[in-house]
Amino acid sequence: MTPRNFLVRGLLAGLIAGLLTFAVAYIAGEPSVDAAIKVESAESGGGHHHDDGAAAEHSHHEEGGTEVSRQNQSTWGLLTATGSTGIALGGIVALASAFALGRIGRLRPSQSTALVAALGFVSVALVPFIKYPATPPAVGNADTIGSRTTQYFVMLAISVLAMIAAVLLFRKLHERFGTYTAVLVSAGAYLAVVILAAALMPTVNEIGDFPADTLWYFRRGSLLTLATLWGVIGIVLTGLIGKLYAEESATQARRDLAASL
Amino acid sequence: MSQVTTATPEIEIPSIPLRELAPWALFFGLIGAFILFFISADQGAVSIPAGTAIHEWVHDGRHLLGFPCH
């Protein structure tokens, strides 16, 4: 049980998660990204409701036009994004699990690792998503990208810090009041902080008349993508850490036996 | 209730001293933050380097992973 053992397993879990996340994002997310880009081109082209079809000369992206083809964006580009995010998150989750090892109640290594991944999903992905859900192309005013990016990362930071504080609170409470009360109070404290923060932070509504069904399919695909990323990291890393601990315990048991002879 | 009782056999749970963990956490934390910055935010709100190539390349992933893209 060394930091190196954790990190190597986390990178491997992240790599596997990145590949599977690519598959889920491609199947569950790309159709609605394409649909949204069609809406975007239709809007940025002619006046309003496609009165003349010769509008879409302003091809998908931004001022200078698209440098990367849609074909590449939806395959190699998407794979780059999910793969590197998977590896980076896998490593970070693994080192957080290494820190949590033996420090959260009496959880065994695989249990504390699974807990870190689950709390990571809630605090890094789920809670920020609920306040500032993913938006497809064509939704969102380019002039507000600065403030929207800041708000998203502020919400993310509040959520992660509140989760760390909640775990520390659990550690303080659980010897005196027992596990049940400690979980109840610390989970309640986390929820109170993020709900208050979400209520105070500005609402972003730049949807306009974007079709509701495409928006929902996109957001469902996005949530499935995030769930796959975190879920696979958590499951693979938990399995690998459990196996590592079992092997080390067996080696230790053999040593102890040999020493006792 | 759920107090720790001395009757349960004590399983020894290993833990890693902070001294040993800190350099790994610092080093990989920086690398991880660097990677996540390029995937999540670069050439959207801030641009290092200027341009749109990185933004365009990771465009679909940025949308689907829930980051504000443009």
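Because the structure is predicted, anything quoted here is derived from the model rather than measured. (Residues numbered from 1 in each chain as written. Chains lettered and ligands numbered in written order. Predicted model: local features only at pLDDT ≥ 70, side-chain atom pairs only at ≥ 80, totals over all residues.)

Chemist: What is the right way to read the overall build of chain B from this model?
Modeler: A tally of regular secondary structure across chain B gives three helices and zero strands. Reading chain B from its N terminus to its C terminus gives the helix and strand order α-α-α. Among the 70 residues that make up chain B, the fraction classed as buried is 37%. (Helix = DSSP H or I, 4+ residues; strand = E, 2+ residues; numbered from the N terminus. Buried ≥ 20, exposed ≤ 12 C-beta atoms within 10 Å, placed from the backbone.)

Chemist: Would you take a moment to explain the packing of helix α2 (residues 70-100) of chain A against helix α5 (residues 212-260) of chain A for this structure?
Modeler: Helix packing for two helices is described by the angle between their axes and how far apart those axes are. All names here are of chain A. It is at 10 Å that the axes of α2 and α5 come closest, and there the two elements cross at 45°. Of the possible angle classes, the one that applies to α2 and α5 is oblique. The way α2 lies across α5 gives a crossing that is right-handed. Residues T85, G86, L89, G90, V93, A94 and S97 of α2 form the contact with α5, whose participating residues are L229, I233, L237 and I241. Residue composition of the contact of α2 with α5, grouped by class: seven nonpolar, four polar and no charged. (Axes fitted to C-alpha atoms, helices over the stretch in contact; angles between N-to-C directions. Parallel < 35°, antiparallel > 145°, perpendicular 65-115°, else oblique. Left-handed = near helix turned anticlockwise from the far one by under 90°. Contact = placed C-beta atoms within 7 Å. Nonpolar A, V, L, I, M, F, W, Y, C, P; charged D, E, K, R; others polar.)

Chemist: Please explain the environment of A:L115 as it appears in this structure.
Modeler: Residue and element names in this part refer to chain A. Its place among the elements puts L115 in helix α3 (residues 109-131). With 18 residues separating them in the primary sequence, L115 and S97 have C-alpha atoms 8.5 Å apart. Apart from the residues lying within four places of it in its own chain, the contact partners of L115 are I104 and L107.

Chemist: I keep staring at the interface of chain B and chain A and nothing clicks. Help me out?
Modeler: The partner chain A presents 53 residues to the 36 residues of chain B that form the contact. Taken together, the elements giving at least two residues each to the side of chain B that touches chain A come down to α1 (18-40), α2 (53-57) and α3 (59-64) of chain B. With ten residues, the single largest contributor to the side of chain B that touches chain A is α1(B). In the side of chain B that touches chain A, the residues fall into 20 nonpolar, twelve polar and four charged.

Chemist: Looking at this model, I keep getting lost on the nonpolar core. Mind explaining?
Modeler: Across soluble globular proteins, nonpolar side chains show a tendency to be buried alongside one another. One finds A:V93, A:L95, A:I233 and A:L237 to be the most contacted residues of the largest nonpolar core, which totals 65 residues. Mapped onto this core, the elements with two or more residues apiece are α1 (3-44), α2, α3, α4 (145-200) and α5 of chain A together with α1 and α2 of chain B. Per element, the largest residue contribution to this core is 14 residues, and it comes from α2(A). Non-local contacts of A:V93, meaning those with residues more than four positions away in its chain, are made with A:G10, A:V116, A:A117, A:G120, A:I233 and A:L237. Grouped together as the second largest cluster of nonpolar side chains are seven residues, A:A36, A:A138, A:V139 and A:L215 included. (Core = buried A, V, L, I, M, F, W, Y, C linked by C-beta atoms within 7 Å.)

Chemist: Explanation requested: the domain arrangement of chain A in the structure shown.
Modeler: A common way to state how big an interface is: give the accessible area lost once the parts meet. Residue and element names in this part refer to chain A. As far as domains go, chain A holds domain 1 (3-139 + 212-260) and domain 2 (140-206). One C-alpha centre belongs to domain 1, the other to domain 2; they are set 20 Å apart. Every contact between the two is made by eleven residues of domain 1 and, on the other side, 16 residues of domain 2. Residues belonging to the side of domain 1 that touches domain 2 are distributed by class as follows: seven nonpolar, three polar and one charged. (Domains from an automatic or database assignment.)

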